[in-house]
Amino acid sequence: MAVWRSLAFSAVLLLLIHGAHCFYLPGVAPQDFQKGDQLQVKVNKLTSTKTQLPYSYYSLPYCTPEKIQDSTENLGEVLRGDRIENSLYSFKMREPQMCNIVCNVKLDAKTAKEFKEKISDEYRVNMILDNLPLVVPLKRNDQDSTVYQLGFHVGLKGQYSGSKEEKYFIHNHLAFTVKYHKDVLTESARIVGFEVKPFSAKHEYEGKWEGKTTRLTTCDPHAKSTVVNSNSPQEVEEGKEIIFTYDVEFQESDVKWASRWDAYLLMNDDQIHWFSIVNSLMIVLFLSGMVAMIMLRTLYRDIAKYNELETQEEAQEETGWKLVHGDVFRPPTNSDLLCVYVGTGVQFFGMMLVTMMFAVLGFLSPSNRGGLMTAMLLLWVFMGIFAGYSSTRLYKMFKGSEWKKVALRTATMFPAIVSAIFFVLNALIWGQKSSGAVPFGTMFALIFLWFGISVPLVFVGSYVGFKKPAIESPVKTNKIPRQIPEQAWYMNPVFSVLIGGILPFGAVFIELFFILTSIWLNQFYYIFGFLFLVFIILIVTCAEITIVLCYFQLCSEDYLWWWRSYLTSGSSALYLFLYATFYFFTKLEITKLVSAIFYFGYMLIASYAFFVVTGTIGFYACFWFTRLIYSSVKID
């Protein structure tokens, strides 16, 4: 039911987004706390950059409440593997606590093995307080500034001095710091920071265990002594007793509630080389401008020359792109499939454009967990109407009559391929008992979005598009196709297509590094304004490189430009996948086969989507270009 409520709310949000300035986003509204108010810490998934497989917090034998309550999660959170649940960590606002006992756990062979596996795979524990994720502050060696890491490690591996045997130690004592900003007039406060310093401490006590009232000798609030280091760490072995404890400290902060995410979003500022990114984009923009200027001058000269040909002898001697005017708008082979891919590309383009506009305006900030993915899915569904319209408009131009078949293929082909890959990956993740596996209820919700909303919208768009008058070609098509002369080696279709994808990939590959880092290294991505700029440059680059290569192709009297225009800029997806492979071997430390399949499966889906988007941009640019130049010359 949580998923359905989330879907219903998200649909209303998208319809009423123009009034968003009147209210706070769900889960992001500020909450005022008085001194002594109860603060409940929620636990989220366990994450590891080594395995990429999330697990629920209680998959490990941590201290468990009498009843575990799941928080309402939106569709995006479920797909991300988030499992937000209640915990036994409870504070009172602005009332420090010391050495609070949570529980004790005695390890058997199974639980000891589970902890060791998670420690070995470098899993991190994620918690949430007032919608703020828990972070570990780390001082930089080279600067005075502080960086933050999401969550704390389950434990660590180490050796006792004088011993070579490797041992496993668990972080069982948490020193929390809650930062708050106080309102001078009302004395109420808002939480603006949630930090922790984890310690491994072998707690001891005298007498019998009496639950939370047991008095520890290693951490005693009465004696004002607490854990300040891990000199006597808690080992993970069968038969060992682990006592979980925590401290809470409250610090007043000058940071206002509206700016509380700023520190979180500056986690990786040492890796962001703004100058190199902007410099790369400016080079791409400069090259694109030069190409556009050359093309305009050359075309102007060509059109002027063709229009000045007056005698029959001059007309017979003409060469170049005008010579193939009787074949340039001849329908291509597999024209139905081209229409389907163009329609799918329009659907993806619309989704990406609107999503980035929302993100730039701040509606899809990291504070709204899962909001980005939920918005993308819903926008994909609603953009189906434009997919159907685009595919059947092109199909009717090709003199097609069975528009329903094209509409059905547009609505099902791309989602079916992605769903097949997704189903296999989900089955593998399910086999690992990971929380990243999508539940059946969510699967049903996705199928409903596809067949209940997207497919009907595609058919509506297709019906409207087919009822429109067919797009007229600026020149007549000959009945007999012209023979294409032998082409130079550099005009070979495969070579031309592969060359065409380099420049669009060059426009995005630096930004791609940060996107991959945010996805696979569990970090926030937040520079949506810059991403939007990169997207605009990608559009310009795809369009111009396709137009240039299309012009060269027509000048060499090869009129088979339809599919080549799509594949030219679409081939940038091949370079994207190759870069993802390079990133896997150079930046990630994935060793498990399932995790590697998981990575390459999702990068294959991303590359396929990138192919569809960039290919469609290139196709429409070339389509506009050919119509423009052939309508500009006099054809006898």
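Parameters and conventions
- Residues numbered from 1 in each chain as written.
- Predicted model: local features only at pLDDT ≥ 70, side-chain atom pairs only at ≥ 80, totals over all residues.
- Heavy atoms only, no water.
- Helix = DSSP H or I, 4+ residues; strand = E, 2+ residues; numbered from the N terminus.
- Polar contact = N/O pair within 3.5 Å; in protein donor to acceptor, adjacent residues only side chain to side chain.
- pLDDT = per-residue confidence, 0-100.
- Contact = heavy atoms within 4.5 Å.
- Buried < 20%, exposed > 50% of the residue type's maximum accessible area, 1.4 Å probe, protein only.
- Disulfide = S-S within 2.5 Å.
- Axes fitted to C-alpha atoms, helices over the stretch in contact; angles between N-to-C directions.
- Parallel < 35°, antiparallel > 145°, perpendicular 65-115°, else oblique.
- Left-handed = near helix turned anticlockwise from the far one by under 90°.
- Nonpolar A, V, L, I, M, F, W, Y, C, P; charged D, E, K, R; others polar.
- Lys, Arg positive; Asp, Glu negative; His and termini not counted.
- Salt bridge = Lys/Arg side-chain N within 4 Å of Asp/Glu carboxyl O.
- Core = buried A, V, L, I, M, F, W, Y, C linked by side-chain atoms within 4.5 Å.
- Domains from an automatic or database assignment.
- Expected span 1.5 Å × (residues − 1).
- Bend = angle between axes of the 7 residues up to and from the residue.
- Phe/Tyr/Trp six-rings, centres within 6.5 Å; stacked < 30°, edge-to-face > 60°.

**Let's talk about the environment of T111**
Reasoning step 1: Here T111 is to be found in helix α3 (residues 109–120).
Reasoning step 2: Residues T111 and E237 lie 126 residues apart in sequence; the distance between their C-alpha atoms is 9.1 Å.
Reasoning step 3: A polar contact is formed between the side chain of T111 and the side chain of D108, at a distance of 2.8 Å.

**Some words on the confidence of the model for the protein**
Reasoning step 1: Mean pLDDT for the protein: 83, with 88% of residues reaching 70 or above.
Reasoning step 2: Predicted confidence is poor over residues 1–27, with pLDDT under 50, and the contacts of this stretch with residues over four places away or in other chains come to 38 contacts.
Reasoning step 3: pLDDT under 50 marks residues 311–317. Its contacts with residues more than four places away, or in other chains, come to two contacts.

**A closer look at the environment of M93**
Reasoning step 1: Inspection of the secondary structure assignment puts M93 in the loop between β2 (85–92) and β3 (97–106).
Reasoning step 2: Among the residues examined, M93 registers a relative accessible area of 0% and is labelled buried.
Reasoning step 3: Apart from residues no more than four positions distant in its own chain, M93 is found in contact with F33, Q34, K35, G36, D37, L39, Y180, A189, I191 and F250.

**Examining the state of the cysteines**
Reasoning step 1: Under the counting rule described, the total for this entry stands at two disulfides.
Reasoning step 2: Put simply, C63 and C103 are joined by a disulfide, and their sulfur atoms are 1.8 Å apart. Between C63 and C103, the S-S torsion sits near -85°, and that sign places the bridge as left-handed. Here the residue C63 occupies a position in the loop between β1 (38–47) and α2 (75–80), and C103 occupies one in strand β3, the gap between them amounting to 40 residues.
Reasoning step 3: Since its relative accessible area comes to 6%, C63 is described here as buried.
Reasoning step 4: One disulfide in the model links C99 with C219; its S-S distance is 1.8 Å. As the torsion about the S-S bond is roughly -90°, the C99-C219 disulfide counts as left-handed. Pair noted here: C99 is in strand β3 and C219 is in the loop between β12 (189–199) and β13 (241–252), with a separation of 120 residues, a long-range link.

**Quick word on the packing of helix α7 (residues 335–360) against helix α14 (residues 528–555)**
A packed helix pair is summarised by two numbers, namely the angle formed by the two axes and the spacing between the axes.
Reasoning step 1: Put simply, α7 and α14 touch, their axes get as near as 9 Å, and they point 150° apart. Relative to α14, the element α7 is oriented roughly antiparallel. Pair α7 / α14 crosses with left-handed handedness. Across the interface between the two elements, F349, M352, L353, M356, M357, A359 and V360 of α7 pack against F528, G529, L531, F532, F535 and I539 of α14.
Reasoning step 2: Taken together, the residues of the contact of α7 with α14 break down into twelve nonpolar, one polar and no charged.

**Section: the side chain of R260**
Reasoning step 1: Looking at the secondary structure, you find R260 in the loop between β13 and α4 (262–265).
Reasoning step 2: If near-sequence neighbours (up to four positions away) are discounted, R260 is found in contact with D130, N131, L132, I191, V192 and V255.

**Considering the side chain of E85**
Reasoning step 1: In this structure, E85 sits in strand β2.
Reasoning step 2: It is R83 that comes nearest to the buried, bridge-free E85 among opposite-charge side chains, at 7.1 Å.
Reasoning step 3: In this structure, E85 is in contact with K42, V43, S56, Y57, Y58, I68, Q69 and D70, ignoring residues within four places of it in sequence.

**Some words on the nonpolar core**
Reasoning step 1: Membership of the largest hydrophobic core comes to 156 residues, with the highest contact counts inside it found for F91, M127, F176, F194, F244, W561 and W562.
Reasoning step 2: When residues of this core are assigned to their parent elements, the largest contribution, 20 residues, is made by helix α17 (residues 593–630).
Reasoning step 3: Of the residues that make up this core, three or more belong to each of domain 1 (37–265) and domain 2 (334–471).
Reasoning step 4: For W561, the contacting residues outside a window of four places in its chain are V328, F329, C550, Q553, L554, F619, C622, F623 and T626.
Reasoning step 5: Counting residues in each nonpolar core, the second largest holds nine residues, with C99, I101, C219 and I243 among its members.

**Comments concerning unusual backbone geometry**
Reasoning step 1: The phi dihedral of N131 is positive, around 70°, even though this residue is not glycine.
Reasoning step 2: Secondary-structure assignment places N131 in the loop between β4 (124–129) and β5 (132–133).
Reasoning step 3: In the Ramachandran plot, E557 falls in the positive-phi region, its phi being about 65° despite a non-glycine side chain.
Reasoning step 4: Residue placement: E557 occurs in the loop between α14 and α15 (562–570).

**A look at helix α10 (residues 403–431)**
Reasoning step 1: Between its first and last C-alpha, α10 extends 42 Å over 29 residues, near the 42 Å set by a 1.5 Å rise per residue.
Reasoning step 2: Along its length, α10 shows its largest kink, about 30°, at T412, and proline P415 lies within four residues downstream of that point.
Reasoning step 3: Backbone geometry just downstream of α10 places K433 in the positive-phi region, at approximately 60°.

**Some details on the packing of aromatic side chains**
Reasoning step 1: Counting across every chain of the model gives 52 aromatic pairs.
Reasoning step 2: Between Y62 and F244, the aromatic rings sit 5.7 Å apart at their centres with planes inclined by 65°, giving edge-to-face as the arrangement. In this pair, Y62 is assigned in the loop between β1 and α2 and F244 in strand β13, connecting sequence segments 182 residues apart.
Reasoning step 3: Among the residues examined, F244 registers a relative accessible area of 2% and is labelled buried.

**Topic: the packing of α14 against α15**
Reasoning step 1: Two elements in contact, α14 and α15, have axes separated by 9 Å at closest approach and are oriented at 135°. Between α14 and α15, the angle is such that the two are oblique. Here α14 and α15 pass one another in a crossing that is right-handed. The residues of α15 that touch α14, namely those facing C542, T546, L549 and Q553, are R564, S565, T568 and S569.
Reasoning step 2: Counted by class, the contact of α14 with α15 contains two nonpolar, five polar and one charged residues.

**Details of α7**
Reasoning step 1: Its 26 residues place the ends of α7 37 Å apart at the C-alpha level, agreeing with the 38 Å of an ideal helix rising 1.5 Å per residue.
Reasoning step 2: Of the residues trailing α7, G362 is marked for its positive phi of about 95°.

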